[in-house]
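Single-letter residue listing:
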Amino acid sequence: MKLSLALVLLPLTSAFLPTAPSTSFLTKSSSPLSMSATQFDQETYIKDSKEMRLKHLEEQAMYALKISCENYDNAVFPNAMIAGDVVITHLLDRLGYLKSGKAKIMVVDTFHLFDETMPFLKSLEDHYGFKAEVFCAEGVQVGDKAGYDAKYGADLWKEDIEQYDKVCKVEPFQRGLKTLQTDCMINGRTRWQGFERAYIDQFENAPIGGGLAKCNPLAYWTLEDTFDYIAKYQVPHHPLHAKGYPSHGDAKDTIPIPSMDERNKDPQEGECKFVDWKIVGDKTFWFDYASERKGRFVGLANKDGSTKTECGIHVAGAEKTFDRDLWESGDVKELTIDNAIETTKQAPGVVVVYAPWCQFCQGMEEEYTALAKELDVPVYKLRGDEERDFVQKNFNTQSFPTINVVDKSGNIKKYESEKRDVKSMKEFVTANL
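Because the structure is a prediction, the values reported are computed rather than measured. All residue numbers refer to position in the chain's written sequence, counted from 1. The predicted nature of this model means local features are confined to residues of pLDDT at least 70 and side-chain atom pairs, given and counted, to a pLDDT of 80 or more, with totals for whole chains, interfaces and linings taken over all residues. The side-chain figures draw on all heavy atoms in the structure; neither hydrogens nor water molecules are used.

**Quick notes on the overall build of the protein chain**
Here comes step 1: Helices and strands together make up the secondary structure of the protein chain, namely 15 helices and 13 strands.
Here comes step 2: Each residue is placed in one exposure class: buried if its accessible area under a 1.4 Å probe, protein chains only, is under 20% of its type's maximum, exposed if it is over 50%, and partly exposed if it falls in between. Residue burial in the protein chain is summarised as follows: out of 433 residues, 48% are buried.
Here comes step 3: Values of accessible area rely on a 1.4 Å probe in the Shrake-Rupley scheme; residue burial ignores everything except the protein chains shown. As displayed, the protein chain has an accessible area near 21400 Å², and 51% of this comes from carbon and sulfur atoms. Helix and strand assignments come from DSSP, with helices taken as H or I runs of at least 4 residues and strands as E runs of at least 2, each series counted from the N terminus.

So this is what it looks like as structure tokens:
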């Protein structure tokens with residue numbers, strides 16, 4: 001009786017009831033005055049309501065994408081191919097921005113992705129008719145895992161997860177934005193993903209280069225909305241969703257949800273997966289607030305001991321990666337490839353070849369500055385990560401940092417020791433000048 005009374009009042013007081021509900025909404029009559037005598041079809045009402053919500057979210061997201069792609073010259077979408085990202089890819093295609101090139105797709109290959117991920121990217125490229133710009137760790141060719149292992153070590157993520165994030169995620173991500181001259185970055189973050197993102201809006205300014213625009217077209221979507229959209233339009237999606245993964249990143253630290261994996265802080269039995277355009281199992285495992293990323297970064301911790309929840313790309317300070325430099329006080333003089341050889345021929349000195357993102361270069365910044373103050377010869381820095389062939393050929397560089405002493409005859413001798421304190425470096429310089 002209470003339910004029938006509420007239904008009589010709803011059409012008179014609410015602006016959110018559809019003006020033309022589905023024919024199955026009422027079993028006897030669509031007249032509001034006769035609703036007290038009808039059987040209420042709850043499932044149909046919920047279905048109608050979800051469709052209205054999704055239609056609104058679609059329009060809202062496309063509006064945001066139109067602003068991004070029509071008002072900026074270089075809108076770039078870094079695509080991780082998670083559920084929200086394949087929705088954005090589909091929306092961009094509906095708007096014609098993929099084929100027109102108004103939106104570019106950028107992908108970061110960490111060399112630790114699931115085996116299915118890069119082939120899935122190829123299938124998206126073929127389906128939508130675009131070519132993604134792929135970036136990876138600096139100094140390594142795309143797809144060259146052996147080259148990555150040789151340069152950075154296969155176990156870098158075990159030894160220093162923050163350095164791994166810088167090398168494999170943050171630096172290539174920022175280099176990609178810079179290379180593509182990005183002025184508006186489109187991404188798939190949502191408020192539903194957790195407290196770190198709970199207050200994001202559709203538009204914000206990222207502190208990269210002093211004002212890169214950032215568009216979050218799905219800011220107000222839940223993960224359930226996302227899969228509703230995928231099902232509605234039969235959007236190509238990552239094969240891992242059918243294996244129980246609500247989200248995915250690196251294979252080394254991503255698990256299905258639910259999972260009894262020993263690394264899982266909330267081990268649970270059960271099942272949830274997306275198969276044949278519908279959720280199979282208990283959807284609450286995936287769709288509860290902040291559950292989308294529960295299977296990410298498992299077993300990983302930040303240096304302060306806190307649980308890792310972000311890879312570093314979207315956190316404060318990440319934008320410093322490609323703009324940050326070392327030894328800016330003036331005590332250490334700067335060389336470039338245009339003047340390095342000629343300058344070092346003129347007088348003896350010390351040259352460090354470095355990369356600003358390298359933790360070992362960062363770690364010796366203070367000591368090398370102190371060395372410059374103590375020596376009577378010039379002490380130089382030469383950035384090598386952007387001119388690798390040059391520094392390999394002329395300054396003995398295979399890794400960073402590489403310290404060289406240039407004697408009076410112009411001969412260059414490499415400092416082989418890992419001791420980068422002032423005393424040790426000064427002894428080597430003195431002995432070789």
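**A closer look at the confidence of the model for the protein chain**
Here comes step 1: Confidence of the predictor in every single residue is expressed as pLDDT, which spans 0 to 100. Of all residues in the protein chain, 84% attain a pLDDT of 70 or more, and the chain-wide mean is 86.
Here comes step 2: We call two residues contacting when some pair of their heavy atoms lies within 4.5 Å. Scored below 50 in pLDDT, residues 1-21 shows 13 contacts in the model against residues more than four places distant or in partner chains.
Here comes step 3: Below pLDDT 50 for its whole length, residues 23-33 participates in 18 contacts with residues either more than four positions away or in separate chains.

**A few points about the sheet that holds strand β13 (residues 412-415)**
Here comes step 1: A strand pair is defined by DSSP finding two or more bridges across the two strands. Taken in spatial order, the five strands make up an open sheet running β9-β11-β10-β12-β13, and their pairing is mixed. The sheet terminates laterally at β9 (333-335) and β13, the two strands that pair on one side only. Within the sheet, the average angular offset between the axes of one strand and its neighbour, ignoring direction, is 30°.
Here comes step 2: The sheet contact formed by strand β10 (residues 349-354) and strand β11 (residues 379-383) spans five bridges and is parallel. Note on β11: the bridge partner recorded for V351 is Y380.
Here comes step 3: The angle between two axes is taken between their N-to-C directions and runs from 0 to 180 degrees, where each axis is a line fitted to C-alpha atoms and a helix contributes only its stretch in contact. Packing of helix α15 (residues 422-432) onto the sheet brings it into contact with β10, β12 (402-406) and β13, and relative to β13 it is tilted by some 155°.

**A look at unusual backbone geometry**
Peptide bonds are trans in most cases, and residues, glycine excluded, mostly fall at negative phi.
Here comes step 1: Of the consecutive residues I257 and P258, the connecting peptide bond is found in the cis state with omega at 0°.
Here comes step 2: Along the polypeptide, P258 turns up in the loop between α9 (223-233) and β7 (272-275).
Here comes step 3: A cis amide bond links F400 with the next residue in sequence, P401, at an omega value of -10°.
Here comes step 4: Inspection of the secondary structure assignment puts P401 in the loop between α14 (388-394) and β12.
Here comes step 5: With phi around 70°, W277 is a residue other than glycine that occupies positive phi space.
Here comes step 6: As for its position among the elements, W277 is in the loop between β7 and β8 (278-281).
Here comes step 7: Taking relative accessible area as the criterion, W277 reaches 31% and is therefore assigned partly exposed.
Here comes step 8: In this structure, A290 is a non-glycine residue whose phi angle is positive, near 65°.
Here comes step 9: When you line up the elements, A290 lands in the loop between α10 (284-287) and β9.

**Regarding the pairing of β7**
Here comes step 1: Only one face of β7 is covered, namely the one carrying C272 and F274; the face carrying K273 and V275 has none of its residues buried.
Here comes step 2: In this sheet, β8 lies alongside β7 in antiparallel orientation, the contact comprising four bridges. The residue bridging V275 from the neighbouring strand is K278, located in β8.
Here comes step 3: Between β7 and β8, which pair antiparallel in sequence order, lie two residues; one of them, D276, sits at a positive phi of approximately 55°.

**What about the packing of helix α3 (residues 83-94) against α9?**
For any two helices packed against each other, one specifies the inter-axial angle together with the distance between the axes.
Here comes step 1: Orientation of α3 relative to α9, taken along the N-to-C sense of each, is 50°, at an axis distance of 9 Å. With respect to each other, α3 and α9 are oriented oblique. Here α3 and α9 pass one another in a crossing that is left-handed. Only L223, T226, F227, Y229, I230 and Y233 of α9 make contact with α3, whose side of the interface consists of A83, G84, V86, V87, H90, L91 and R94.
Here comes step 2: Of the residues contributing to the contact of α3 with α9, the split by class is nine nonpolar, three polar and one charged. In this scheme, roughly parallel covers angles under 35 degrees and roughly antiparallel covers those over 145, while 65 to 115 is roughly perpendicular and the rest are oblique. Handedness of a crossing is defined here by the sense of rotation of the near helix relative to the far one, left-handed for an anticlockwise turn of less than a right angle and right-handed for a clockwise turn. Ten residue types, Ala, Val, Leu, Ile, Met, Phe, Trp, Tyr, Cys and Pro, are classed as nonpolar, four, Asp, Glu, Lys and Arg, as charged, and the remainder, Gly among them, as polar.

**Considerations on the nonpolar core**
Here comes step 1: Here the nonpolar core consists of buried residues drawn from Ala, Val, Leu, Ile, Met, Phe, Trp, Tyr and Cys, with membership extended through side-chain atoms lying within 4.5 Å. Ranked by size, the top nonpolar core spans 48 residues in total, and within it Y148, Y152, V167, W327, V350, Y368 and L382 carry the most contacts.
Here comes step 2: Setting aside its immediate chain neighbours within four residues, V350 contacts Y368, L375, V377, P378, V379, Y380, I403, N404 and V429.
Here comes step 3: Of all hydrophobic cores here, the second largest spans 44 residues; its members include M81, V107, A213 and L218.

**What to know about the packing of aromatic side chains**
Here comes step 1: In this analysis, rings of Phe, Tyr and Trp, with Trp reduced to its six-membered ring, are considered paired at centre separations within 6.5 Å, and the interplanar angle assigns stacked below 30 degrees, edge-to-face beyond 60, and tilted for intermediate values. All chains considered together, the criterion is met by 13 aromatic pairs.
Here comes step 2: Where Y415 meets F428, the ring centres are 4.9 Å apart and the plane angle is 55°; that geometry is what we call tilted. With a gap of 13 residues between them, Y415 in strand β13 and F428 in helix α15 connect regions that are remote in the sequence.
Here comes step 3: Since its relative accessible area comes to 9%, Y415 is described here as buried.
Here comes step 4: Residue F428 is classed as buried on the basis of its relative accessible area, which comes to 17%.
Here comes step 5: Among the aromatic residues, those joined into a cluster by ring pairs are F227, F274, W286 and F287.

**A word on α15**
Here comes step 1: When α15 is considered as a whole, its buried residues turn out to be V422, S424, M425, F428, V429 and N432.
Here comes step 2: Structurally, α15 contributes buried residues whose contacts are with β10, α13 (365-374), β12 and β13.

**Notes on the environment of G349**
Here comes step 1: Mapped onto the secondary structure, G349 falls in strand β10.
Here comes step 2: Given a relative accessible area of 2%, G349 falls into the buried group.

**A closer look at the pattern of salt bridges**
Here comes step 1: Any Lys or Arg side-chain nitrogen located within 4 Å of an Asp or Glu carboxyl oxygen qualifies as a salt bridge. Throughout the structure, instances matching the rule amount to 28 salt bridges.
Here comes step 2: Taking the shortest distance from any N to any O, the salt bridge between E271 and K273 comes out at 3.3 Å.
Here comes step 3: In this structure E271 comes out as partly exposed when scored by relative accessible area, which is 37%.
Here comes step 4: The closest approach of N and O atoms between K423 and E427, which form a salt bridge, is 2.8 Å.

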